[in-house]
Each structure stands twice: as C-alpha cells, then as structure tokens.
Amino acid sequence: MIHIYIESGIKRSSKGTTNEYDFIEKFISLHFPDQKIGIDYQLQGWDGKDRWHEYQPILQQQTDRGDKNILIFDADCLDNGGGYSSRIQNYEQKKIDFQIEFDLFLWPNHQDDGDFETMLEVLTQEPHTRILRSFEDFEKSIDSYNKADGKQVYHIPNQKNKIYTYISTIIKSNEEEKNFSKGFWAFDNSNYWNLMCPMQYLLYWHLSLFLSFH
C-alpha cells in the first residue's frame with residue numbers, strides 16, 4: 001500500500017474534500033488510471049506540517065510492513081519562514097530525528113519556492129487566465145489605497161484568494177457548481193486546468209516510482 005500525505009487536513013465539515021486532496025486524486029486518476037484509491041493507495045491529510053510526533057509511529061508501522069510513505073507539502077517562501085532549500089533540509093533532518101522513511105515532494109515543482117496555489121496558477125487555461133490578470137489589477141488598486149492613506153488600511157489578497165477567484169468565477173456546469181461547494185474544483189476539466197502541464201513532470205516522476213510498479 002502507498003500512503004500519500006498532503007499538508008492540508010480533511011476537516012470534519014459539510015465539505016467532502018479539500019482542493020489539494022481533490023487535485024492529487026484527479027492527477028493520479030489521469031496519469032495512473034489502474035491505481036485505485038483505497039486499494040492501491042491511500043490519500044490522507046497531515047493537517048499542518050509540524051505533527052511529527054503524532055505521525056512518527058504511524059509511518060514507522062507502515063514502513064515495517066513494507067508500505068511506502070509519500071509526503072506532499074509546500075516549499076513555501078522566505079517571507080513566511082520557508083523556501084525550497086530550507087524545507088528540504090528540515091524534512092530530511094526529520095527522517096533522522098524520528099527514524100522514519102518517506103519520499104518527499106514539495107509544491108510547486110520540487111525545485112522552486114512556492115506552494116500548492118503557485119502550482120495551480122501555472123495550470124490555469126486560456127482564455128480564463130484573464131481572470132488572473134484582472135485580479136492582479138485589483139491587488140494593485142488595493143495596494144495603492146494603502147499607499148495613499150500612508151498606512152495599512154486593507155489586506156492585500158493572497159495567492160489562495162487569487163486561485164479561488166479564478167475557479168469560482170468561471171460559470172461551470174450544474175454538477176460542477178454543486179460539487180464545487182463540497183471542495184471539488186473540477187480538476188478533471190481540461191478547459192479550466194492543464195494537468196498535463198510540463199510543470200507536473202516531477203510530481204509524475206515521484207508518484208511513478210511507487211504507483212507504476214505497485
């Protein structure tokens with residue numbers, strides 16, 4: 001069994017999933033159609049990046065019985081205490097500190113700073129990317145108001161807001177709109193997202209080491 005952990009958690013709420021969970025499931029369905037969730041692999045939320053004491057015995061037990069663990073977390077950026085190089089060093093040290101084994105992939109592409117939403121922006125499709133350009137103009141306007149007032153009056157929308165605006169603004173099918181409220185972001189619709197984008201090669205390669213030969 002392959003155990004894939006994402007950094008976000010699957011909260012107990014009316015929603016059926018999270019956008020990150022939904023993306024991984026749709027990505028695997030597209031690239032590894034023979035692999036079935038619950039049979040060949042499990043997809044679970046880590047619910048934050050610092051719960052090592054809680055997960056150490058779980059990962060150890062899975063390794064002992066011959067299972068494989070894959071962690072898919074954000075690389076983050078220097079301005080929020082992260083960055084690809086820093087995160088890689090930190091997580092590799094966790095293997096030593098907690099004596100556990102796992103493969104690691106860091107959003108957006110396992111080589112640059114950023115996060116899940118950084119990756120999603122690259123996957124957006126024309127002509128809908130004009131939504132992102134409009135959002136960037138909106139960000140500039142908000143920033144100009146703060147500068148004009150000489151103080152921080154408004155929050156500048158972040159990357160999560162930007163990507164949410166992208167997919168929520170698009171008029172989707174009735175079924176897609178219904179599922180969107182449950183956390184499903186229509187990642188299987190190639191009019192909105194390009195899951196064949198070259199940026200995803202390293203994610204495909206990491207998963208193929210385990211899923212293709214399971």
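Participant: How would you sum up unusual backbone geometry? Please name residues and give values.
Facilitator: Cis rather than trans, the peptide bond between Trp107 and Pro108 has omega equal to 10 degrees. Looking at the element boundaries, Pro108 is found in the loop between β4 (103–107) and α4 (116–123). Note the cis peptide between Glu126 and Pro127, where omega equals 0 degrees. Note on placement: Pro127 falls in the loop between α4 and α5 (130–149). Backbone geometry places Asp76, a non-glycine residue, at a positive phi of 65 degrees. Its location among the elements puts Asp76 in the loop between β3 (68–74) and α3 (84–98).

Participant: Residues and numbers for α5, please.
Facilitator: In this model α5 runs 29 Å from its N-terminal to its C-terminal C-alpha over 20 residues, within 8% of the 28 Å that 1.5 Å per residue would give. Looking at α5, one finds that the buried residues are Ile131, Leu132, Phe135, Glu139, Ile142 and Asn146. Along α5, the residues classed as buried sweep out an arc of 95 degrees about the axis, all on the same side. Pointing more than 90 degrees away from the buried face of α5 are the exposed residues Arg130, Lys140, Lys147 and Ala148. Looking at the buried residues of α5, the elements they touch are α4 and α6 (159–169). Downstream of α5 by one or two residues, Gly150 has phi in the positive range, about 75 degrees.

Participant: Please set out the packing of α5 against α6 residue by residue, giving values where relevant.
Facilitator: For the pair α5 and α6, interaxial distance at closest approach is 9 Å and the crossing angle is 135 degrees. The angle between the axes of α5 and α6 places the two elements in the oblique class. When the axes of α5 and α6 are compared, the crossing they make is right-handed. Contacts between α5 and α6 pair Ile131, Leu132, Phe135 and Glu136 from the former with Asn161, Lys162, Thr165, Tyr166 and Thr169 from the latter.

Participant: A description of the nonpolar core should follow, citing residues and the corresponding values.
Facilitator: If you look at the biggest cluster of nonpolar residues, it comprises 38 residues, and the most contacted ones within it are Ile4, Phe23, Trp107, Leu120, Trp193 and Leu207. Looking at which element gives the most residues to this core, the answer is helix α1 (residues 19–31), with five residues. With near-sequence residues (within four places) excluded, Phe23 lies in contact with Trp107, Phe116, Met119, Leu120, Leu123, Phe187, Leu195, Gln200 and Leu203.

Rules used throughout
Residues numbered from 1 in each chain as written. Predicted model: local features only at pLDDT ≥ 70, side-chain atom pairs only at ≥ 80, totals over all residues. Heavy atoms only, no water. Helix = DSSP H or I, 4+ residues; strand = E, 2+ residues; numbered from the N terminus. Expected span 1.5 Å × (residues − 1). Buried < 20%, exposed > 50% of the residue type's maximum accessible area, 1.4 Å probe, protein only. Arc of directions from axis to C-beta. Contact = heavy atoms within 4.5 Å. Axes fitted to C-alpha atoms, helices over the stretch in contact; angles between N-to-C directions. Parallel < 35°, antiparallel > 145°, perpendicular 65-115°, else oblique. Left-handed = near helix turned anticlockwise from the far one by under 90°. Core = buried A, V, L, I, M, F, W, Y, C linked by side-chain atoms within 4.5 Å.

Distances and angles like these do not, on their own, reveal function.
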